[in-house]
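As a plain string of letters, each chain reads:
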Amino acid sequence: MMSRRPGNSSRRFGDGKSKSSPLLSIALIVVGALFIIGYFYKGSGGLGGRLDSVSRVEGAGDYLCSGEVQRAIPVLQKAYGDSMHKVLHVGPDTCYVVSRLQKEDETEAWGIEPYDVEETDSNCKTLIRRGSVRVADIKFPLPYRQKSFSLVIVSDTLDYLSPKYLNKTLPDLVRVSTDGLVIFTGIPTNQKAKVADVSKFGRAAKMRSGSWWVKFFLQNNLEENEAANKKFEQASTKSSYVPKCQIFHLKSLH
C-alpha cells in the first residue's frame, strides 16, 4: 500500500510548498480507492479473476499443463476435426478448459476434477451444479459408459499416479473414448514439486521421459494414434505452436 508522508515533511520546503499537501493527500486517497475497487472486482469473478486463474495454471511451472490444453485447442481442432464435437477433459482446473471448449461451435464438453475443489468461482460452481463437471477419483472406474465421448483429453493427472494405478486408469480413459485420447504430461526437470502441489495431490509429481511413456503404452497394449499425431504436428507448424508439455496421442479401444 502507498503510505502518506509524515505530516511535517512538507514544512521543509517553506510555506509556499505546504499549500500543495491537501492536493497530494486527495491524490493518494483516489489512488488507494482505485486499488481497493480493483481488488474486490478481481475477487468477485470479473475479468481480473478469470485472468488470475489462468495465470495460476500456467505459472505453476512444469507441473500443470491445463493452461497448455487451452493454448492447444485450435491445433487440436485442426488435427481431430469432427472428433472434437464431444470432449471430456480430465485434470485440475477443468472448469476453465470446459468453459473454453464450450465456446467453440458444435462442441460439447464435460470435465472431471480428480482432486478436491477447495476454491471455485461462480462459473465453476455452475458447471458442477449442472453436471458438466464432476469431482471424481480417477483411481476408480470413470462414471461413464464405454465410448461416451469422441475425444478424451487428460492433463496434470497421470504425473501424480504410480504405475500401479496407471495400469488401471489409462485403459479406462481410453475405454470411454471413440476417436482417441490426448495426454498432456510434464517434461522431466530437476525441480521438485512445490509444497502446495504435494498437499493437494497427496504426492509429488513424477515427471517421466517420453521413452518411458512409450514403453508403458506398449506394455499396456495402447497404440499410438499416428494419423492424429501427424496432423497435430502439421497444424502446430502452421500456427507456430510450440508446446510446453509432452503431448501423446493414443487410439481408442475397439
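Residues numbered from 1 in each chain as written. Predicted model: local features only at pLDDT ≥ 70, side-chain atom pairs only at ≥ 80, totals over all residues. Heavy atoms only, no water.

1. Focus: the packing of aromatic side chains
What counts, and what does not: By convention, a stacked pair of Phe, Tyr or Trp rings (six-membered ring in the case of Trp) has centres within 6.5 Å and planes under 30 degrees apart, an edge-to-face pair has planes over 60 apart, and any other such pair is tilted. Counting from the N terminus, the helices are the DSSP runs of H or I reaching at least four residues and the strands are the DSSP runs of E reaching at least two. Each residue gets one of three labels from its accessible area relative to the maximum for its type: buried under 20%, exposed over 50%, partly exposed in between, using a 1.4 Å probe on protein chains only. Lysine and arginine charges are scored as sitting over a ring when NZ or CZ, respectively, is within 6 Å of the ring centre and within 35 degrees of the ring normal.
Tallied over the full model, the rule gives nine aromatic pairs. Here Tyr144 and Phe149 contribute two aromatic rings whose centre-to-centre distance is 4.9 Å and whose plane-to-plane angle is 85°, an arrangement assigned as edge-to-face. Measuring from ring centre to ring centre gives 5.5 Å for Phe217 and Phe248, while their planes differ by 75°; the resulting arrangement is edge-to-face. Here Phe217 is found in helix α9 (residues 210-219), whereas its partner Phe248 is found in strand β6 (residues 246-250), with 31 residues between them in sequence. Overall, Phe217 belongs to the buried group, its relative accessible area being 5%. By relative accessible area, which is 13% here, Phe248 ends up buried. Aromatic rings pair up to connect Trp212, Trp213, Phe216, Phe217 and Phe248 into one cluster. Cation over ring: Lys139 sits above Tyr165, and NZ or CZ is 4.8 Å from the ring centre. We note Arg208 situated over the ring of Trp212; from NZ or CZ to the ring centre the distance is 4.7 Å.

2. What about the pattern of salt bridges?
This is how the line gets drawn: Take a side-chain nitrogen of Lys or Arg and a carboxyl oxygen of Asp or Glu: if they are within 4 Å of each other, that pair is a salt bridge.
Applying the stated criterion across every chain yields a total of four salt bridges. Its salt-bridge partner being Arg100, residue Glu104 comes within 2.2 Å of it at the nearest N-O pair. By relative accessible area, which is 24% here, Arg100 ends up partly exposed. A salt bridge links Arg175 to Asp172, with the shortest nitrogen-to-oxygen separation between them at 2.6 Å. With Arg175 and Asp172 both in helix α7 (residues 163-175), this residue pair falls three residues apart, about one helical turn.

3. Some thoughts on the sheet that holds strand β5 (residues 181-185)
What counts here: Any two strands between which DSSP finds at least two bridges are classified as paired. Axis definition: a line fit to C-alpha positions, over the contact stretch in the case of helices; interaxial angles, taken between N-to-C directions, run 0 to 180 degrees.
With mixed pairing, the six strands of this open sheet are ordered in space as β3-β2-β1-β4-β5-β6. Here the strands that pair on one side only, and so sit at the sheet edges, are β3 (133-135) and β6. The average undirected angle you get between the axes of adjacent strands in this sheet is 15°. As judged from the three bridges shared by strand β2 (residues 108-113) and β3, these two strands associate in the parallel manner.

4. What to know about the nonpolar core
Filter applied, for reference: To define a nonpolar core, start from buried Ala, Val, Leu, Ile, Met, Phe, Trp, Tyr and Cys residues and group those joined through side-chain atoms within 4.5 Å. Between two residues, a contact is recorded if the distance between any of their heavy atoms is within 4.5 Å.
Counting 28 residues, the largest nonpolar core has Leu76, Tyr80, Ile153, Val182 and Phe184 as its most contacted members. If you list the elements that add at least two residues to this core, you get α4 (66-80), α5 (94-102), α6 (122-130), β4 (151-155), β5 and α10 (226-238). Looking at this core, the element that brings in the most residues is α4, giving seven residues. If near-sequence neighbours (up to four positions away) are discounted, Tyr80 is found in contact with Leu151, Asp179, Val182, Asn225, Ala228 and His249. Residues Ile112, Val174, Ile183 and Phe216 belong to the second largest nonpolar core, which totals 25 residues.

5. Let's talk about α4
As a reminder of what qualifies: The angle between axes fitted to the seven-residue stretch ending at a residue and the seven-residue stretch beginning at it gives the bend at that residue.
Along α4, the sharpest kink reaches roughly 50°, centred on Ala72 and followed within four residues by the proline Pro74. Most of α4 is tucked away: eleven of the 15 residues are buried. Considered for burial, the residues of α4 that qualify are Ser66, Gly67, Glu68, Val69, Gln70, Ala72, Ile73, Val75, Leu76, Ala79 and Tyr80. Just past α4, the residue Gly81 takes up positive phi, approximately 55°.

6. Points about unusual backbone geometry
Unusually for a residue other than glycine, Asp93 sits at a positive phi of about 60°. Relative to the helices and strands, Asp93 is located in the loop between β1 (86-90) and α5. Assessed through its relative accessible area of 10%, Asp93 is described here as buried. Phi is positive for Asp156, which is not a glycine, with a value near 55°.

7. Points about the environment of Lys206
Here Lys206 lies in the loop between α8 (195-201) and α9. For the pair Lys206 and Leu158, spaced 48 residues apart in the sequence, the C-alpha separation amounts to 8.7 Å.

8. Describing the pairing of β2
The following threshold applies: Handedness is read with the strands pointing away from the viewer; a crossover is right-handed when the path from the first strand over the helix to the second is clockwise.
Bridge analysis of β1 against β2 gives five bridges, and the strand direction is parallel. The partner of Val90 across the bridge, within β2, is Ile112. What joins β1 to β2 is α5, and the crossover it makes is right-handed.

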